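The chain contents come next:
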There are 2 protein chains.
Amino acid sequence: MKNNASLKEIAGILKTAQTILIFTHTNPDGDALGSAAALCRVLRKMGKTSWILMDEEVPEYISFMDTELVTRDKDCLKEHDISICVDCGEYSRFPALADKFDEGKLHLCVDHHATGDGFGDHYYIDPSEAATCQLIYKLIKELEAEVAESSEDVCEGTLIDLTVAESLYTGINTDTGSFQYSNTTADTHAIAADLMNYGVDHTAINVKLYQTIPMTKLKIQAAILQRAELLFGGKVAVGYVTGQMLEEAGAVLDDAEGTIDMLRNIEGVEIAAFLKEKGEAVKVSMRAKSFANVAEIASVFGGGGHVKAAGCTLEMGMDEALDAIKKAIGEHF
Amino acid sequence: MKNNASLKEIAGILKTAQTILIFTHTNPDGDALGSAAALCRVLRKMGKTSWILMDEEVPEYISFMDTELVTRDKDCLKEHDISICVDCGEYSRFPALADKFDEGKLHLCVDHHATGDGFGDHYYIDPSEAATCQLIYKLIKELEAEVAESSEDVCEGTLIDLTVAESLYTGINTDTGSFQYSNTTADTHAIAADLMNYGVDHTAINVKLYQTIPMTKLKIQAAILQRAELLFGGKVAVGYVTGQMLEEAGAVLDDAEGTIDMLRNIEGVEIAAFLKEKGEAVKVSMRAKSFANVAEIASVFGGGGHVKAAGCTLEMGMDEALDAIKKAIGEHF
């Protein structure tokens, strides 16, 4: 945990500000958008002027979320009091808007990624939290306490409404893989329980997240799985996708997203590798289930990543790349 | 809700008994086994003699759960005080053991299925609960209160231990589809939060439940998806499996389980139908996503079920059955 301010202190700073611009990382996911949307709506309820600034469209798969307060207009606020970055703690993850972030008179950060040595003037970064939405939930609770102290009209508990609750629920759901990942804690479920009490339509959200799979995605996944190989006594699963396979399935490369997880999920598999043809090169993703270190294997080819999720790029054809990866995995065992 | 006793009353009855035999439905799932295992272990901690009686092996996919107190010995208890049936409220769901259930001096039932008009001498049946494990959790809390009242040695909170908590967590997880199904409530998450505090290894459990898929299952699913058809502007998905397809994939019919959900999960699909060749006949499963009534379609062929999940059997070949089902779905729209 890297903090130079408590959530209570950050709440206090936000309360005294009037204009607040919210930032998050590029290619935002459910947790990034959920954190930004919930915070922005709560700040507006407190009478602030606030926007979420992005330089791209919200990805299709989370476009059902609350995107009303997202703008791509860099001039939406001028000489704003506060820039706050949520679910992101480094300039490199939102380079096109870094200058606008700097323009704020004060810079805040609330994040759960284990990044560098802090970010902004006041930051609260806690990698033990499953989702930044959990931190924003706690920040809102602090804001509610601040509001309750200062006014007789607004009582504690009014800042979270159904829209805010659904943003936070969606962010927590996506960043924990539907409460399955190891980052899920008792606290995660306790917050979900509280949010459900606001009337969150979890069925509709889960249909959007998990029951809205394009047919082209299923077709290309089927083609990949039919060609996938189990090696080394079933401990290794290797799959691949080529341009020709995509064409035959009427699919695009994005449709192959998630295939690496399907390979890792095979019974008995410890290491999964998935190879994608991309121009003249082959991009390789690898996953370990329990004990293997795929970052080590990736490093053989100049790649890297985490112990359980790593990748590399091979400047060769698919057949040659498949041979090279299988050989490197064999040497790792 | 159909009750003629409160959970507190059922707890009181269990406390005064000495020998208790636990029953559940045939082909037990995570909720059935989790409910029985948690209750049995808690009763033993209270000094009772208790067993879970089954007439079959625990299915492979939940065999990682706590099965130590499961027996297939009908003579494990003689002239026992209490028969209690959990996650099941009718003789027809455990026919081979119905006579042994009757042998108990008193008959209890704790269930969440909307069945007939009650079952046994004292029953607590609440279909609003996502899982019977939620009811067993509440029953154990009542037992803890009973124990706390009557003894100075055992204080409240000691009946649930890690093994009991993992049984209950697994049952709740499986019956809510990893907290995604519409039956999930704030209460579900609140109970999960409490159980997590006992140190539940949710990562290991979720790997067992969702990341241990046989390769043969993936291969047959891939073959099914590659042949699946989208009809009526993408609102209907129809898939099928034949004996020959199974043979080519080295799979068995059980490996095709879950394929109907994959078809329903396709973007834009409202009705999914999945046809399985079984001897000279074809078994049809159907699912609706939001508004359609597949029970109505199944009834055309003498089948039935629920509005969103129904089935029927067609005494004909696969090609003929596919035509008949497509026609019936078309007429339904």
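Here, every reference points to the structure presented above.
Summary of the structure given here. (Residues numbered from 1 in each chain as written. Chains lettered and ligands numbered in written order. Predicted model: local features only at pLDDT ≥ 70, side-chain atom pairs only at ≥ 80, totals over all residues. Heavy atoms only, no water.)

## So, the overall build of chain A
Our working rule: Counting from the N terminus, the helices are DSSP H or I runs at least four residues long and the strands are E runs at least two residues long. Based on C-alpha atoms, the radius of gyration is set beside the globule rule, defined as 2.2 Å times the residue count to the power 0.38. Each residue is placed in one exposure class: buried if its accessible area under a 1.4 Å probe, protein chains only, is under 20% of its type's maximum, exposed if it is over 50%, and partly exposed if it falls in between. Pairs of residues are marked as contacts when any of their non-hydrogen atoms sit within 4.5 Å. Computed with the Shrake-Rupley method and a 1.4 Å probe, the accessible areas treat only the protein chains shown as cover for residues. Only four residue types enter the charge count, namely Lys and Arg as positive and Asp and Glu as negative; His and the chain termini do not. To locate a charge, take atom NZ for lysine, CZ for arginine, CG for aspartate or CD for glutamate.
The helix and strand inventory of chain A stands at twelve helices and 13 strands. The C-alpha atoms of chain A give 22 Å as radius of gyration, which agrees with the globular expectation for 333 residues (20 Å, within 12%). C-alpha extents for chain A along the principal axes are approximately 70 × 40 × 35 Å. Taking all 333 residues of chain A together, 54% fall into the buried category. Put simply, 65% of the contacts in chain A that link residues at least 6 apart link residues at least 24 apart. When the accessible surface of chain A is summed, it comes to about 13,600 Å², and 47% of that surface belongs to carbon and sulfur atoms. Side-chain charges in chain A split into 29 positive and 53 negative, and the spacing between the mean points of these groups amounts to 2 Å.

## A look at the sheet that holds strand 10 (residues 271-278) of chain B
All names here are of chain B. To be explicit about the condition: If DSSP finds at least two bridges between two strands, the strands pair.
Strand order across the open sheet formed by six strands is 8-9-10-11-13-12, with mixed pairing between neighbours. Edge positions in the open sheet fall to strand 8 (229-231) and strand 12 (304-305), since each of these has one partner strand only. The pairing of strand 12 with strand 13 (residues 309-314) spans two bridges and is classified as antiparallel. Paired with Gly305 across the two strands is Ala310, which belongs to strand 13.

## Some remarks on the packing of aromatic side chains
What counts here: A pair of aromatic rings is counted whenever rings of Phe, Tyr or Trp (Trp by its six-membered ring) have centres within 6.5 Å, and the orientation is called stacked for planes under 30 degrees apart, edge-to-face for over 60 and tilted otherwise.
Counted according to the given criterion, the structure contains 21 aromatic pairs over all chains. Arranged with centres 5.2 Å apart and planes meeting at 15 degrees, the rings of Phe101 of chain A and Phe119 of chain A form a pair that is stacked. Taken together, the positions of Phe101 of chain A in helix 3 (residues 98-103) and Phe119 of chain A in the loop between strand 6 (106-111) and strand 7 (122-125) put the pair 18 residues apart, joining distant regions of the chain. Centre to centre, the rings of Tyr169 of chain B and Phe179 of chain B are 6.3 Å apart; their planes meet at 50 degrees, and the pair counts as tilted.

## Structural notes on the environment of Ala130 of chain B
All names here are of chain B. Relative to the helices and strands, Ala130 is located in the loop between strand 7 (122-125) and helix 4 (132-150). Distance in space between the C-alpha atoms of Ala130 and Asn183 is 4.9 Å, their sequence separation being 53 residues. Ignoring any residue separated from it by four or fewer positions in sequence, one finds Ala130 in contact with His112, Asp175, Thr176, Asn183, Thr184 and Thr188.

## Points about helix 6 (residues 186-196) of chain B
Most of helix 6 of chain B sits out of view: eight of its eleven residues are buried. In this structure, the buried residues of helix 6 of chain B make contact with helix 5 (162-175) and helix 6 (186-196) of chain A together with helix 4, helix 5 (162-175) and helix 7 (202-210) of chain B.

## Section: the pairing of strand 9 (residues 236-241) of chain B
All names here are of chain B. With respect to burial, strand 9 is a largely interior element, five of its six residues being buried. Relative to strand 9, strand 8 runs antiparallel, the two sharing three bridges. Pairing of Glu229 across the sheet is with Val238, part of strand 9. Hairpin connection, strand 8 to strand 9: the antiparallel pair is bridged by four residues, and Phe232 has positive phi, about 50 degrees.

## Some remarks on the relation of the copies chain B and chain A
Our working rule: Superposition of the copies used a least-squares fit over C-alpha atoms from residues whose pLDDT is at least 70 in both.
Least-squares fitting of chain B to chain A yields an RMSD of 0.2 Å, with the transformation described by 0.0 Å of translation along the axis and a rotation of 180 degrees. Such a combination of turn and shift is consistent with a two-fold rotation axis. Scanning chain B for the C-alpha nearest the rotation axis identifies Ala222 of chain B, at a separation of 2.1 Å. A share of 100% of interface residues in chain B that are also interface residues in chain A marks the association as one of identical surfaces.

## Let's talk about the environment of Gly120 of chain A
Residues and elements named next belong to chain A. Considering the arrangement of structural elements, one finds Gly120 in the loop between strand 6 and strand 7. A relative accessible area of 37% means that Gly120 is categorised as partly exposed. Along the sequence, Gly120 and Glu90 sit 30 residues apart, while their C-alpha atoms lie 9.0 Å from each other.

## Some points on the pattern of salt bridges
Note the cut-off: Whenever a carboxyl oxygen of Asp or Glu lies within 4 Å of a side-chain nitrogen of Lys or Arg, that contact is scored as a salt bridge.
A full pass over the atoms with the stated rule returns 29 salt bridges over all chains. A salt bridge links Lys327 of chain A to Glu331 of chain A; its shortest N-O distance comes to 3.6 Å. Taken together, the residues Lys327 of chain A and Glu331 of chain A, both in helix 12 (residues 318-332) and four residues apart, mark about one turn of the helix. Note on accessibility: Lys327 of chain A and Glu331 of chain A belong to one class, exposed. The residue Arg41 of chain B makes a salt bridge to Asp66 of chain B at a minimum N-O spacing of 2.7 Å. Placement of Arg41 of chain B in helix 2 (residues 30-45) and of Asp66 of chain B in the loop between strand 3 (49-53) and strand 4 (70-71) is noted, with a sequence separation of 25 residues between them. When its relative accessible area of 17% is taken as the criterion, Arg41 of chain B is described as buried. Through salt bridges that share partners, Arg41, Asp66 and Glu68 of chain A make up one connected network.

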